[in-house]
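Residue-level structural notes
Single-letter residue listing:
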Amino acid sequence: MFNLSGRVAVVTGGGRGLGKAFGLALARAGADVVIADMLAKEAANTAQEIQKEARSSLAIQVDVTREDDVQKMAHQVKDRFGKIDILVNNAGINVISPAEDFPEDQWNRVVDVNLTGVFLCAKAVGRIMIGQKRGKIINISSIHGFVGSLHNAIAYNSTKAGVINLTRSLAAEWGKHGITVNAIAPGIILTELTRPRLENKDYHDLWVTRTPLGRIGQPEDLLGGMIYLASDASNWVTGHTIVIDGGYTAL
Ligand code: NAD
């Protein structure tokens, strides 16, 4: 039920961090995995690691905010593998600034990557999935799509809420095409994105104190949810966001 042999997956932002962990987990479950990232070297390194798992992989340099780039990526995958079964919309950025001073260009950049990027990739790959009459799209949101934060991330939090309803909206439109669209909303996970702030002891301890399971998450904590949503185990689940946060939002 959780076996992904014969499936083709695309992971955006798969060069490092959570995207890399998702790519490797999908490969270990049997899928061939395309790593699409703005960082060409990181994407190539992850693709090489996937090949060591005896799966096919391809690294594609793409900026998810550019529709021409994204369309090219989707066609390249289709040409090489003949289909796309799974899309993981994982690429994302954060900019920290108090809301009252948040620069408009930085707001636009965060919206472009975290929300428009998800839409553009879903649109390009969705067309291919509609033709196939099947597909699984998994968007990476955040607990900050549900709750605010004390950490000056107004644009990030707003886009992650947008991703949750984009997920429901696409699920509603594309159910008739056999496509499921779901999301994962992680709590804080140690990656290159969060490491600089987590190195601050007060910040680190605040998260640990506020998390019922009493620790910061690791990328591995998200992989069960990812494989569930990518596999046949979730075939009648769509429009849903799985929160994986050590209980942070239960308080
Ligand atoms: P990261 O910064 O380590 O990795 C993000 C990846 O996205 C990088 O490889 C980067 O090159 C790529 N990327 C950024 N902009 C891009 C663009 N325009 N086009 C293509 N690729 C682009 O971050 P991460 O912690 O691994 O986060 C991955 C996702 O998980 C993000 O969407 C993030 O918001 C989300 N998330 C992370 C956490 C956490 O605590 N780490 C929590 C909740 C949600």
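Look up a bit, the structure's there.
In what follows, the accompanying structure is described. (Residues numbered from 1 in each chain as written. Predicted model: local features only at pLDDT ≥ 70, side-chain atom pairs only at ≥ 80, totals over all residues. Heavy atoms only, no water.)

Attention now goes to the site of the ligand. In the neighbourhood of the ligand, 29 residues make up the surrounding shell, with Arg16, Asp37, Tyr156, Ile189 and Thr191 lying closest. Contact distances for the ligand include 2.8 Å between an oxygen atom and a backbone N or O atom of Leu18. A distance of 3.3 Å is found between a nitrogen atom of the ligand and a backbone nitrogen or oxygen belonging to Met38. Coverage of the ligand by the protein chains reaches 96% of its 820 Å² of free accessible surface. Mapped by element, the contributors of at least two residues to the shell around the ligand are α1 (17-28), α4 (104-132) and α5 (154-174). A class-by-class count of the residues in the shell around the ligand yields 14 nonpolar, nine polar and six charged. (Near = heavy atom within 4 Å. Polar contact = N/O pair within 3.5 Å; in protein donor to acceptor, adjacent residues only side chain to side chain. Areas by Shrake-Rupley, 256 points an atom, 1.4 Å probe, with all protein chains shown as cover. Helix = DSSP H or I, 4+ residues; strand = E, 2+ residues; numbered from the N terminus. Nonpolar A, V, L, I, M, F, W, Y, C, P; charged D, E, K, R; others polar.)

Turning to helix α3 (residues 67-81), a few remarks are in order. The first and last C-alpha atoms of α3 sit 21 Å apart over 15 residues, in line with the 21 Å expected at 1.5 Å per residue. Buried within α3 are the following residues: Asp69, Val70, Gln71, Met73, Ala74, Val77 and Phe81. The inward-facing, buried residues of α3 contact β1 (8-12), β2 (32-37), β3 (57-61) and α4. Positive phi shows up at Gly82, right after α3, with a value of about 85 degrees. (Expected span 1.5 Å × (residues − 1). Buried < 20%, exposed > 50% of the residue type's maximum accessible area, 1.4 Å probe, protein only. Contact = heavy atoms within 4.5 Å.)

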